[in-house]
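# Architecture and fold: a report
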Amino acid sequence: MTLLYRFYNCTLVRDHALIQDDLWIRNGKIINPEKIFFSEKTRADIEYDCQGALIAPGYIDLQINGAFGHDFSSADEASEEMLIKVAKLLTSHGVTAFVPTIVSSLPETYQEVLPIYKRRAGSAKDGATILGIHIEGPFIAENKRGAHRTDFLRKSECGIEDLKTCYGSFENVSIITLAPELPNMVENVIPELVARHDLVVSLGHSTATLDCGERAILAGARFITHLFNAMLPFHHRDPGLVGLLTTHPLPATTIVYYGLIVDTVHTHSAAVRLAHRVHPHGLVLVTDAVPALGFPDGTYHMGAHEIVVNGKRATIAGTETLCGSIASLAECVQYMRQALLDGETNKEIINEKDSTQFVVESIEAATLHPAQVLHIENQKGTLSFGADADFIFLDKSLNILSTFIAGEQAWTVTDQWSIDNLQTKSSQ
Amino acid sequence: MRLIITKDYSTVSEWGAKYIKKRINDFKPSADRLFILGLPTGSTPIGTYKKLVEFVQAKELSFKYVVTFNMDEYVGLPKDHPESYHSFMWKHLFKHIDIDPNNVHILNGSAPDLIAECEQYEQAIRDHGGIDLFVGGIGPDGHIAFNEPGSSLASRTRIKSLAQDTIAANARFFNNDINQVPKCALTVGVGTVMDAREVMVLISGASKAIALHMAIEAGMNHMWTVSALQNHPKFLCICDEDATLELKVKTVKYFKGLMGVHNKSIEEDNNSS
């Protein structure tokens with residue numbers, strides 16, 4: 001028997017606003033209670049008092065290299081069990097869907113690892129949904145490789161064939177980061193990846209000029225990998241990829257999305273505000289997390305590197321090069337809200353904006369926007385009717401209180417938020 | 001007729017809601033003896049519905065044993081259209097209260113056979129033993145439900161063509177595009193409302209002043225269909241100061257003088273008749 005659930009006494013993030021409304025779930029989907037009332041003439045089987053919590057869609061991470069000690073790029077570790085283990089642990093960060101990311105590696109690594117990380121629907125039992133793989137590199141610019149190993153980088157002299165030789169198959173891949181200035185990328189590779197293999201092409205680790213970036217977008221690219229990092233800095237006579245946030249030759253209907261690591265380390269809050277003010281609808285929060293995410297300070301593996309975690313920073317052992325973040329996506333949402341708050345000069349409306357607009361925009365950057373990048377915004381990243389029932393409870397400071405996947409409780413911070421404790425007597 | 005004159009829209013809403021609450025609670029409805037309530041839509045009852053919701057949330061009122069019959073619904077609008085009267089009632093009342101969805105009756109403007117739909121609605125009211133309290137508003141042209149000027153004062157539930165004034169007044173809900181406004185509606189008749197054991201009409205604002213004057217100070221006339229209620233044994237009319245602007249000073253003074261008695265009828269203790 002499929003039960004009808006009603007979550008009440010809550011505030012929802014819906015239609016770009018915070019609204020007082022109930023959330024109705026059945027069969028793991030969010031449904032329209034008005035239709036049920038008039039057509040089926042039944043009431044909820046089970047009702048939950050949400051104690052005034054804020055309910056948002058579950059967070060979606062498009063770039064995460066590992067977490068809780070596990071490294072997605074490691075062929076030794078790669079297994080379905082490991083992926084599910086991380087998927088379950090990520091629910092404590094409010095993440096209900098993610099794209100495991102693989103850094104520049106050797107062809108044998110790709111050919112071993114890519115077939116293992118299959119797309120997978122999330123559940124309370126198995127954790128967050130796996131939305132495909134993000135292959136970041138190795139077709140990137142040497143000068144902007146960041147933490148990627150030089151000896152693993154490759155060029156695309158023979159166009160798409162070089163990519164196929166390197167990766168093997170694109171079957172489980174959703175997103176690819178590449179440098180568009182490499183040979184044949186704009187003319188051959190990007191159009192083929194988009195049209196033939198249905199991938200989201202992301203520009204990053206690149207020395208591309210704005211002109212090259214524009215041509216890449218026109219060729220089908222739609223995302224920028226961690227804006228500001230691993231690309232030319234904005235220059236007023238040569239805006240580089242950063243200039244894509246305002247660029248005019250693109251059709252008005254083309255939204256360029258851009259990942260942003262808002263962990264207070266990789267991007268100055270002024271830069272966050274700058275990007276947000278210029279192009280708020282394209283902002284996608286990503287963690288670019290290293291395997292140390294979720295772990296205390298120490299030394300860990302990533303790809304073929306040793307990394308050192310100290311406080312909020314993760315660097316390549318022996319250097320000062322940042323190699324990814326250790327802020328959870330939940331923390332990134334909080335940091336983004338703080339960045340917007342810090343930039344509000346109008347003292348009279350600051351409280352009102354902070355309690356509504358900044359909350360909505362920060363949450364949408366981790367839910368609606370990443371879903372839009374993957375063209376899944378009707379199913380994920382939203383509390384609209386018909387969407388998958390992946391949602392989270394948050395308190396006023398946007399700390400995660402509980403995480404639900406496909407309508408079932410996957411994680412809760414304390415017993416107080418366990419659904420057994422929230423359940424009220426059925427009104428039948 | 002009892003005419004209650006209060007200060008403003010907010011007091012009209014509160015008075016109306018308290019009266020409904022008292023009627024239902026005094027009735028002590030149960031599974032064997034349901035309270036049958038007729039309900040309107042439009043801007044006037046929104047404040048009353050808000051107050052009723054507050055009563056339910058404060059556990060002072062329950063709709064568990066209440067059956068509702070709405071007055072009207074547009075023809076051709078799907079139930080889930082944001083401007084349908086189904087959507088209106090869901091949004092302003094039903095989603096917030098503990099009513100059983102099986103006890104809710106709203107005319108179906110998308111029914112395959114509209115005439116049969118209207119006949120079945122009349123039958124459903126009869127099957128429930130008639131309506132205990134019918135709540136309504138009036139239009140600026142004095143219509144009750146969609147019984148536009150010229151409607152028979154003996155009319156039953158049927159399809160009505162909407163008057164040009166009504167369509168124009170409703171355009172604001174349809175993107176100000178008059179072509180999108182439905183041209184027909186299903187409505188209870190004047191006779192259907194008159195059959196109720198008690199009728200309460202809420203009237204607020206200067207735009208309703210002439211209609212109120214025609215309804216209670218002029219004769220019964222099918223051009224001002226709410227005037228049929230002059231013939232009802234239990235007609236309660238709640239209005240605010242602005243709505244009395246076209247009434248005789250004498251009428252207003254007379255009914256204001258009776259407010260002491262009238263206020264008793266919404267007191268919580270059951271002293272009033």
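Residues numbered from 1 in each chain as written. Chains lettered and ligands numbered in written order. Predicted model: local features only at pLDDT ≥ 70, side-chain atom pairs only at ≥ 80, totals over all residues. Heavy atoms only, no water.

### Here we look at the overall build of chain A
Across its full length, chain A holds 12 helices and 25 strands. A compact globule built from 428 residues would reach a C-alpha radius of gyration of about 22 Å, and chain A, at 21 Å, matches this within 12%. In terms of its C-alpha atoms, chain A occupies a principal-axis envelope of roughly 70 × 50 × 45 Å. Residues counted as buried form 59% of the 428 residues belonging to chain A. Only carbon and sulfur atoms are counted for the fraction: they give 50% of the accessible area of chain A, which is about 17100 Å². Each charge class in chain A was averaged separately, 33 positive and 51 negative side chains, and the resulting centres sit 3 Å apart. (Helix = DSSP H or I, 4+ residues; strand = E, 2+ residues; numbered from the N terminus. Rg over C-alpha atoms; globule rule 2.2 N^0.38 Å. Buried < 20%, exposed > 50% of the residue type's maximum accessible area, 1.4 Å probe, protein only. Areas by Shrake-Rupley, 256 points an atom, 1.4 Å probe, with all protein chains shown as cover. Lys, Arg positive; Asp, Glu negative; His and termini not counted. Charge placed at Lys NZ, Arg CZ, Asp CG, Glu CD.)

### A few points about the confidence of the model for chain B
On average, residues of chain B carry a pLDDT of 94, and 98% of them reach 70 or more. Across the whole predicted complex the pTM is 0.90, and at the interface the ipTM reaches 0.90. (pLDDT = per-residue confidence, 0-100.)

### Thoughts on the UniProt feature "active site" (unreviewed entry) in chain A
All names here are of chain A. Mapped onto the present numbering, the UniProt feature "active site" (unreviewed entry) falls on Asp288. Along the polypeptide, Asp288 turns up in the loop between strand 18 (283-285) and strand 19 (298-302). Overall, Asp288 belongs to the buried group, its relative accessible area being 8%. With residues near it in sequence (within four places) discarded, Asp288 still touches Gln63, Asn65, Glu136, His226, Ile261, Gly324 and Ser325. In this structure the side chain of Asp288 is engaged in a polar contact, spanning 2.9 Å, whose partner is the side chain of Asn65. (UniProt positions renumbered as here; feature names shortened; annotations may be inferred. Contact = heavy atoms within 4.5 Å. Polar contact = N/O pair within 3.5 Å; in protein donor to acceptor, adjacent residues only side chain to side chain.)

### Some words on helix 8 (residues 249-257) of chain B
Residue and element names in this part refer to chain B. Considered for burial, the residues of helix 8 that qualify are Thr251, Val252 and Phe255. Down the axis of helix 8, the buried set is contained in an arc of 95°. They therefore lie on one face. More than 90 degrees from the buried face of helix 8, the exposed residues found are Val249, Lys250, Lys253, Tyr254 and Gly257. Next to the buried residues of helix 8 lie strand 1 (2-6) and helix 9 (259-264). (Arc of directions from axis to C-beta.)

### Here's the deal with the sheet that holds strand 2 (residues 35-39) of chain B
All names here are of chain B. Within the open sheet, the 7 strands sit side by side as 1-10-9-6-2-3-5. Their pairing is parallel. Single-partner strands in this sheet number two, and they are strand 1 and strand 5 (104-105). One ladder, built from 2 bridges, connects strand 3 (residues 66-70) with strand 5; its direction is parallel. By the bridge assignment, Phe69 is partnered in strand 5 with His105. (Pairing = 2+ DSSP bridges.)

### Here we look at empty space enclosed by the protein
Unoccupied space between atoms shows up once a probe the size of one water molecule is rolled over them. Residues and elements named next belong to chain A. Summed over all chains, the structure comprises 3 cavities of 30 Å³ or more. Lining the second largest cavity, in full, are Pro57, Gly58, Ile60, Thr96, Ala97, Gln379, Lys380, Gly381, Thr382, Asp388 and Asp390. Residue composition of the lining of the second largest cavity, by class: 3 nonpolar, 5 polar and 3 charged. (1 Å grid on protein atoms, 1.4 Å probe; cavity = no way out; pocket = protein on both sides within 12 Å on 5 of 7 lines; lining within 4 Å. Points joined across faces, edges and corners; volume = space filled by probe spheres on them. Nonpolar A, V, L, I, M, F, W, Y, C, P; charged D, E, K, R; others polar.)

### Comments concerning the domain arrangement of chain A
Residues and elements named next belong to chain A. Each assigned domain of chain A is listed here: domain 1 (4-56 + 381-424) and domain 2 (59-374). Spacing between the C-alpha centres of domain 1 and domain 2 amounts to 29 Å. Facing 23 residues of domain 1, the contacting portion of domain 2 comprises 26 residues. It is Gly381, Leu398 and Ile405 that lose the most area in domain 1 upon contact with domain 2, and together they represent 32% of the buried surface on that side. Summed over the shared surface of domain 1 and domain 2, the number is 0 salt bridges. At the surface where domain 1 touches domain 2, the tally comes to 7 residue pairs in polar contact (both at pLDDT 80 or more). Of all the secondary structure elements, the ones that give two or more residues to the side of domain 1 that touches domain 2 are strand 3 (17-20), strand 7 (54-57), strand 22 (391-394), strand 23 (400-405) and strand 24 (408-412). (Domains from an automatic or database assignment. Buried area = accessible area lost by both parts, 1.4 Å probe. Salt bridge = Lys/Arg side-chain N within 4 Å of Asp/Glu carboxyl O.)

### Brief notes about the pairing of strand 6 (residues 133-137) of chain B
All names here are of chain B. For strand 6, the tally of buried residues reaches 4 of 5 residues, placing the bulk of the element in the interior. Sheet topology places strand 2 next to strand 6; 2 bridges connect them, and they run parallel. Considered in strand 6, the bridge of Gly38 is made with Phe134. The pairing of strand 6 with strand 9 (residues 199-203) spans 4 bridges and is parallel. Considered in strand 9, the bridge of Val135 is made with Met200.

### Some thoughts on the sheet that holds strand 7 of chain A
Residue and element names in this part refer to chain A. Reading across from one edge, 3-2-7-22-23-24 is the order of the 6 strands in this open sheet, with mixed pairing throughout. Bordering the open sheet on either side are strand 3 and strand 24, each of which pairs with just one other strand. On average, adjacent strands in this sheet sit at an angle of 30° to one another, irrespective of strand direction. Pairing of strand 23 with strand 24, which is carried by 4 bridges, proceeds in the antiparallel orientation. Residue pairing across strands places Thr403 opposite Trp411, the latter belonging to strand 24. (Axes fitted to C-alpha atoms, helices over the stretch in contact; angles between N-to-C directions.)

### Side note on the environment of A:Glu408
Residue and element names in this part refer to chain A. One can find Glu408 in strand 24. Taking the relative accessible area as the measure of exposure, Glu408 reaches 49% and is therefore partly exposed. It is 7.5 Å that separates the C-alpha atoms of Glu408 and Gly28, two residues lying 380 residues apart in sequence. Apart from residues no more than four positions distant in its own chain, Glu408 is found in contact with Ala124 and Thr403.

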